[in-house]
Every structure is written in structure tokens, then in C-alpha cells.
Amino acid sequence: MAQAGFPGLKGSRKGEDGPKRFKMFKKSETKQKIESLDKEVMLYVHDVKHFSDLPLSQQTKKGLKKAFFAEMTDIQAKSIPISLKGHDVLGAAQTGSGKTLAFLIPILEILYRHKWGPTDGLGAVVISPTRELAVQIFDVLHSIGGYHTFSAGLVIGGKNLKDESDRISRMNILIATPGRLLQHLDQTVGFDTDNLQMLVLDEADRILDMGFSRTLSALLGHLPKSRQTLLFSATQTQSVNDLARLSLKDPVYIGIQEAGLSFTVTPENLEQYYAVCDLDKKLDTLWSFIKSHLQAKIIVFMSSCKQVRFVFETFCKLHPGIPLLHLHGKQKQSARLNMFSKFTTSKHAVLFATDIAARGLDFPAVDWVVQLDAPEDAETYIHRVGRTARYESRGKALLLLMPSEEEGMMTALETKAINIPKIKIRASKTQSIQNQLQKLCFQDPEIKYLGQRAFVSYLRSVHLHKDKSVFKLTQLPAERFAESLGLHGIPKIKFLKRELAKENILVQQSVTDGNGHPGTRLRNTPKDDLKAGVSEDGGSSSDGSSEDEEPTTGVRTKYDRMFERKNQSVLSEHYNKLIDHDSDNNGEDDFITLKRADHDLDESVHQAGGNDSSKRKLKMGKAKRTILTGGLPQKFVFDDEGKPHQMYELEDGDQWFKEKGGLDGIQEEGQKFAQGERAKMKDADVIDKQEAREKKREKKRKRKEKEHVVCS
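Thresholds applied
Residues numbered from 1 in each chain as written. Predicted model: local features only at pLDDT ≥ 70, side-chain atom pairs only at ≥ 80, totals over all residues. Heavy atoms only, no water. Helix = DSSP H or I, 4+ residues; strand = E, 2+ residues; numbered from the N terminus. Contact = heavy atoms within 4.5 Å. Areas by Shrake-Rupley, 256 points an atom, 1.4 Å probe, with all protein chains shown as cover. UniProt positions renumbered as here; feature names shortened; annotations may be inferred. Core = buried A, V, L, I, M, F, W, Y, C linked by side-chain atoms within 4.5 Å. Buried < 20%, exposed > 50% of the residue type's maximum accessible area, 1.4 Å probe, protein only. Domains from an automatic or database assignment. Phe/Tyr/Trp six-rings, centres within 6.5 Å; stacked < 30°, edge-to-face > 60°. Patch = residues over 30% accessible without salt bridge, like charges linked within 9 Å, V, L, I, M, F, W, Y side chains within 5 Å. Salt bridge = Lys/Arg side-chain N within 4 Å of Asp/Glu carboxyl O. Lys, Arg positive; Asp, Glu negative; His and termini not counted. Charge placed at Lys NZ, Arg CZ, Asp CG, Glu CD. 1 Å grid on protein atoms, 1.4 Å probe; cavity = no way out; pocket = protein on both sides within 12 Å on 5 of 7 lines; lining within 4 Å. Points joined across faces, edges and corners; volume = space filled by probe spheres on them. Nonpolar A, V, L, I, M, F, W, Y, C, P; charged D, E, K, R; others polar. Pairing = 2+ DSSP bridges. Axes fitted to C-alpha atoms, helices over the stretch in contact; angles between N-to-C directions.

The next point concerns the overall build of the protein chain. Looking only at helices and strands, the protein chain features 25 helices and 15 strands. When contacts within the protein chain are restricted to residue pairs at least 6 apart in sequence, those whose partners lie at least 24 apart make up 74%. Accessible surface for the protein chain amounts to roughly 42200 Å². Of this, 52% is attributable to carbon and sulfur atoms.

Below, the structure is given as C-alpha cells:
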């Protein structure tokens, strides 16, 4: 029986009103919860230690409980309430103090209170300096945000750009690296950031140190100004403060004593030590350390990718008895993520890494951090040792310094209030692996090549470091270092030529002879091992030559220039060792010793070419003299009458003008030429059209064949 006023509908009103009423009830209930949550946030002033006591949504609390996050760290307790109120935050705290949750929780809560949905677009962006840190942040977000309905995406280099472009416009939260995010903002169609609510810059100092300052400026230009910005870092440098002035509005400083002052400390549960070790003994010390800590989880930091790869490959062949891994920037993205996950899940392992693993990465239960090479500065040291003793766990750190680095590095660390006790390395407990490395280099050419690259890359890193009070290139024992890598000789180091030339100039200025004139000193002494690695090694100026000598007239050859050269960059290493540098020593023990002499050649010998000149040199000299006396050779062609003409001889213009009948004849010749060219173009056009039709038919035929194969 149909109800009155609704003909044809049998009892459908009651069935349809049920879901509608339930939806309306849920909306009003959610609205009331959000309003009460907003009031709690604005009125919240108490200091608490547990996440359950914060004014958070039930979805976030469930996610935190599921991920076993109960108590807050200091940076979380101070920054989360301020971030929830919508203020900009500039936070600095120790490494491993939980800065990731300090910005992920406010992101989830702000978007929840704004009733953010799939159609609202991008609501929050987190920018990370490295891919590994971005993956780690995304994993934490996935673990605590599972009860929310937001869509989240990971945008990093090394992934397929097209796949990211297809999905990026549907994301509510993005975790990204600076370069890839800027690439999407410039190239991806439909990627809009006009509704962005929050921007987070994690490890801001590292982003700037990696050269992303211009990229960050471009990113900030794409993003709306009416946003909330959170900036977190373990160190506060001048560049970070400059970035804060550009991107933050009236920020609240968390974990900083005073605005604009740097404040960095290491974790309290960290035991720090340093030891002085010669460069050629570092690999022996590292091997002995690993062999004595087989039940530990260790990270070893080095200065270059090539060093990491060489040490990893050689130590794997030596079988230390513990799993070995390596992580550096030259690896593919999939390999880096694989190494990251393997080391995270391992109980006992050694990870050889560059500074790519020094910032923000949370490796659980790391027992030791060993710095085989000195850090670039005190901030880098803080981030390196911060991979252990995270949260409330304990950890140890060991820094190996060369004697030339000790004073400068200790001074730099003391300026950051970091005092490290010194320990000694027991020579009796150190096992040498130099002979084993030499055997590997002899048997495997690839290992030898890696050793050469590691040698050069280390010296280049020392050469490029700015702090010369720590990194002193000319004091490195290069020859002994090459032997410690298993190499039988020092590889050529071309980039050192300029550095050595500067030092030679300083030495020449500082050393004077008996008459008060600037003198020279040969640099190839046993103490100066480094000079043997330069591709153009040095000698000394001739004993009989004088700087005030009048220049000789006549033909100057390359031999004159060679023997008059003052910067001593001609002789090879072997020949330089044979030279008797002491001109006063005229004893009889002159066996296999060469004495320098001024080979002043006769002018007549220069002009005649000399008997020592090669046939090729004599032939070239004869050809030059022929050109000077007889001019350049000419090529002739003969006409039908047998008369010679030059290869590219021009006709006489006046005669040609008369033969063609004046101006009218020239115009007629021009028209004939144009007609001939038009005919050629028409023929070529017909051929091109015919070829195009044939290609089109062939393409159509192939398409039909494919369709036929699919249908069958």
C-alpha cells in the first residue's frame, strides 16, 4: 500500500532515512570533537610527560600506542603544544632526541582539525636532506598515522618521475628531498600547493651544507606565505638563522638558549674517546678494532665514497667474522635502501659509510661509532656520534686523528664545549694487514684500481677542506699511506701541482743565500713523501746559471727553456733521486750519481739542428725553411688545351661580364640558374612525398599485424 503523498514508494522512507541520519549524527559528533579539541589546545598550559596527556585526537593516540610511543622527550614536550597552536617553531636539540615525532604529530593534528580530505589537495610538506632520512620519516608517519584517512607520498630522487607525477596531485602529505620536489613543482602538471598548511624543514643545516640553498629559495617562492613552518636541526648555524629569518614568522625558539646563538651538545649517555694514529696505520687499527668487537654493531665513517668501497671490498675478502655493509652516495637508490634496511635489522654488523649516514638516520642499538677520517667541522662530529646513544640508550664513539690534526680538531671541538679524553692504541694488540692488501692488489687488478682511487680521493678531500689548521696536505706521509693500501707505488696526483707551486714560492721567499739574494731549496727530501706523487716532479735550477744573466740571442729551443726553468717541475721522480744536490761534495764515491750541468748549446748547433735531432725534427725544420723562402705550395689543374690553372682560380670579372652581354645577360643567367634549382626542388619534393607515403603504409601494415596477433 503506497503512503500518502509518495505514490509508488512502498516503505522506502524509513529505509533511506536510517543511513542519512547516521551520517548526519557522525558529522555533528566529529564537529563537536574537533571544536572541543581546539579549545583544549588553546587552553593547554600544563607540562606533561606522556603522549596520552596531550590534547590529541583519538586516531593519533591509537597510532602512537600501536607504535609503542608512550613518553615524550624534552624537545617533543616543549615543541608539540606550541606547534598545535599554529605558531612557527625553530627547534634545536641533541641528535636522537625525537625531533621526527615533534613535527609529524602536529602535521596529523592540524590537518585533522581542518577536516582535511582527499579533495583538499596538498596540506603538508616535509623536506629532508637525504633519501634515507626521507624514507625513515615516511616509515614513522606510516606507523603512527594509520588510523587517519590522509594520503601520504614519498618523493625522492632515484625513483620513476612519471609514476610520481601521476600520483603526486592526490597526496595530502609529502615527504620529499629538495631537488625532486622542485622538479615536480616546475614540471608536473596539476601539482598545486596553494592550500598548503604546514612546511617542515628537517635537518635544515645539512640541507644548506649540501648546497641546496638556491633550491630552498626557489621552493619557498612556490609555496604560499600563509603557512605554518617548523624548522628543526641538531645544530644552529648562521646559515640556518638566515633561513629562519626568510621562512619563519615570529618563531618560538625551542632548545636554544638565546635566539641567534648556536648551542650544540652531545648525548649524555655517550662515551667519547680519541686516539692519535698515523695515516698509514689507520687500516691496521680499524681491522684490529673490528676483530675485537665481533659481537657489536658499528658504524665507520670515512671522507669519500671511493674509500668506503675500497675498505668494504678488501675487508670482505679478508673475512673478519662479522657481516659488512657499505653506504655511500654513488650507490643506486635501491642498493642504498637495501643497505639501510639490512643494517637496521642486524644485531651485529659493521657499516662503512660517508657523511650521508651522519644526519638524522635512526639506526637502532648502535654500539660504536668509529671516525676513521677526521670530520669536516665540530657540527659534523656531533651528527656522526649522534648515530649512537639515541634516546635513553648508551653508546661509544672513537675518533682517530693524525698527529697533524690533533691540535686543530681539539680546538674546534672545545669551542662547542666538547671535551674528549685521549686514549692510546696498544701496538701489541694491533694486527697488520699491509701484506694481505698487497697480495690482493697483486692478484686482483680491480682491487688495485680501487686502492689508487681511494688514495687520490682521500688526498683530494684533505686538499678541499677549508680548515687548514686541521687538514694539512703537505704533512701527509703519502708514500707510506700508499703502501698501507697495498699499492707498490704512489699514483699520480695532478691536482697537487698548484699547491706545491705555492709552497715552493713561499720556501724560496723564506730561504736566502749568503749574498742576501733569494735562494732555492730542493723539496724532494725523505720527509717530503708527498712530492713523489706529483705527476711533474721538481728539480733545482742549474748551479752555473745566474738570474741576472743576459738573454742569449738566436733561436731558442725547448731544451733552453727546460734547463732555464726556475719552478723545478721537469725531472721525473727516478731521475730526481739520482741527482747530486750537494754541489760541494766532490768525493770519490760518485757511483750512479749524476751532477747537474748547464747544457748551454752553441748558436750554430741550434740553427743547424744538431746531430742528435731526429729525422722527423729535421724534416719539419726543412719544410719550415722552404715555406719561408719559397712560400706555400700551390696545386694546379690542367684544362683541355694543357694550360695550368690554380685549383680554385676565379674568373676575370670584367671579361665574364662582357661575355654574358652585360647586365641583361647576367639577369638571364640568374633566371636560368633559378629555374634549374626549382626543377631540382620539384623532383626532390616528389621523391620525398613518395617515401613518406611508403613509410605511412608500412606503419599501418605493422599496426594491423599487431592487432591481428592480439585478437588471435
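Next comes the rest of the description.
A few words now on the UniProt feature "domain: DEAD-box RNA helicase Q" (unreviewed entry) in the protein chain. The UniProt entry lists residues 49-77 under the feature "domain: DEAD-box RNA helicase Q" (unreviewed entry), expressed in the numbering used here. Secondary structure content for residues 49-77 is 45% helix and 0% strand, while the C-alpha to C-alpha distance between its ends is 7 Å.

Counting residues in hydrophobic clusters, the biggest one holds 127 residues, and the most contacted among them are Leu-286, Phe-315, Phe-352 and Phe-455. At ten residues, helix H4 (residues 99-113) tops the list of elements feeding residues into this core. Among the domains, domain 1 (30-254) and domain 2 (270-485) are the pair contributing at least three residues each to this core. In contact with Phe-315, other than residues within four places in its own chain, are Leu-283, Leu-286, Trp-287, Ile-290, Pro-320, Leu-324, Phe-352 and Ile-433. If you look at the next biggest cluster of nonpolar residues, it comprises 29 residues, including Leu-174, Leu-182, Phe-191 and Leu-248.

The next subject is the packing of aromatic side chains. Under the definition given, this model contains eight aromatic pairs. Ring centres of Trp-287 and Phe-315 lie 5.3 Å apart, and the angle between their planes is 90 degrees; this geometry places the pair in the edge-to-face category. With Trp-287 in helix H11 (residues 282-291) and Phe-315 in helix H12 (residues 305-318), this residue pair connects regions lying 28 residues apart in the sequence. What makes Phe-315 buried here is its relative accessible area of 0%. The interplanar angle of 25 degrees and the centroid separation of 5.5 Å between the aromatic rings of Phe-455 and Phe-481 together place this pair among those described as stacked. Placement of the pair is Phe-455 in helix H17 (residues 445-464) and Phe-481 in helix H18 (residues 478-484), with a sequence separation of 26 residues.

This brings us to a negative patch on the surface. On the surface, a cluster of negative charge is contributed by Glu-649, Glu-651, Asp-652, Asp-654 and Glu-659. The class of Glu-651 is exposed, set by a relative accessible area of 64%.

Here we come to empty space enclosed by the protein. For the coordinates displayed, the defined rule picks out two cavities of 30 Å³ or more. For the largest cavity, the lining is made up of 14 residues, of which Leu-283, Gln-307, Leu-372, Phe-481 and Leu-485 are closest to its centre. Those elements that place two or more of their residues in the lining of the largest cavity are H11, H12, H17 and H18. Classifying every residue of the lining of the largest cavity gives ten nonpolar, two polar and two charged.

Moving on to the sheet that holds strand S1 (residues 89-92). Pairing is parallel in the open sheet, where seven strands are placed in the order S3-S4-S2-S5-S6-S1-S7. Both outer strands of the open sheet, strand S3 (152-155) and strand S7 (252-254), are each paired with one neighbouring strand and no more. Between one strand axis and the next, the sheet turns by 15 degrees as a mean value, whatever way the strands run. Relative to strand S6 (residues 228-233), strand S5 (residues 198-202) is paired through five bridges, and the arrangement is parallel. Across the sheet, the residue bridging to Val-200 is Leu-230, located in S6. Sitting on the sheet, helix H3 (residues 74-84) is in contact with S1, S6 and S7, with an inclination near 165 degrees to S7.

A surface patch of like charges, here positive, comprises Lys-696, Lys-699, Lys-700, Arg-703 and Lys-704. Considering the arrangement of structural elements, one finds Lys-699 in helix H25 (residues 662-711).

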